[in-house]
Amino acid sequence: MRTRVRTINKVRNGTYVTTSWKVSDYLVSNILYLIFIYIPYLIIKYLFYIPIKWCVNKLISLIKNKDNNK
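Not measured: the values here are computed from a predicted model.

A. Structural detail: the packing of aromatic side chains. In total, this model carries 2 aromatic pairs according to the counting rule given. Ring geometry for Trp-21 against Tyr-26: centres 6.0 Å apart, planes inclined by 75°, an arrangement best described as edge-to-face. A relative accessible area of 29% means that Tyr-26 is categorised as partly exposed. Seen in terms of ring centroids, Tyr-38 and Tyr-41 are 6.2 Å apart; in terms of plane orientation they differ by 35°. Their pairing is tilted. Of this pair, Tyr-38 and Tyr-41 both sit in helix H1 (residues 23-69), 3 residues apart, roughly one helical turn. You can call Tyr-38 partly exposed: its relative accessible area is 35%. Classification of Tyr-41 by relative accessible area gives partly exposed; the value is 46%.

Structure (structure tokens):
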């Protein structure tokens, strides 16, 4: 008998979905998720989103300070 991973996911109030995966399938799906979804998410977040957000916040604070000085 092969080792399996059982996952229980809550769908709504009082409704659960149970799935059973082979360990190898579970590991492969998690590795693919890591490579194709999580790593690009981190790259986009830390190379584009956070620096752009920081620049926009700095510009807004500079404009507010400039308006307050007048």
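B. Representation of the confidence of the model for the protein chain within the structure. With 97% of its residues at a pLDDT of 70 or more, the protein chain has an overall mean of 91. At the low end of the mean pLDDT range in the protein chain sits strand E1 (residues 4-12), at 88; at the high end sits H1, at 93.

Rules and cut-offs
- Residues numbered from 1 in each chain as written.
- Predicted model: local features only at pLDDT ≥ 70, side-chain atom pairs only at ≥ 80, totals over all residues.
- Heavy atoms only, no water.
- Phe/Tyr/Trp six-rings, centres within 6.5 Å; stacked < 30°, edge-to-face > 60°.
- Buried < 20%, exposed > 50% of the residue type's maximum accessible area, 1.4 Å probe, protein only.
- Helix = DSSP H or I, 4+ residues; strand = E, 2+ residues; numbered from the N terminus.
- pLDDT = per-residue confidence, 0-100.

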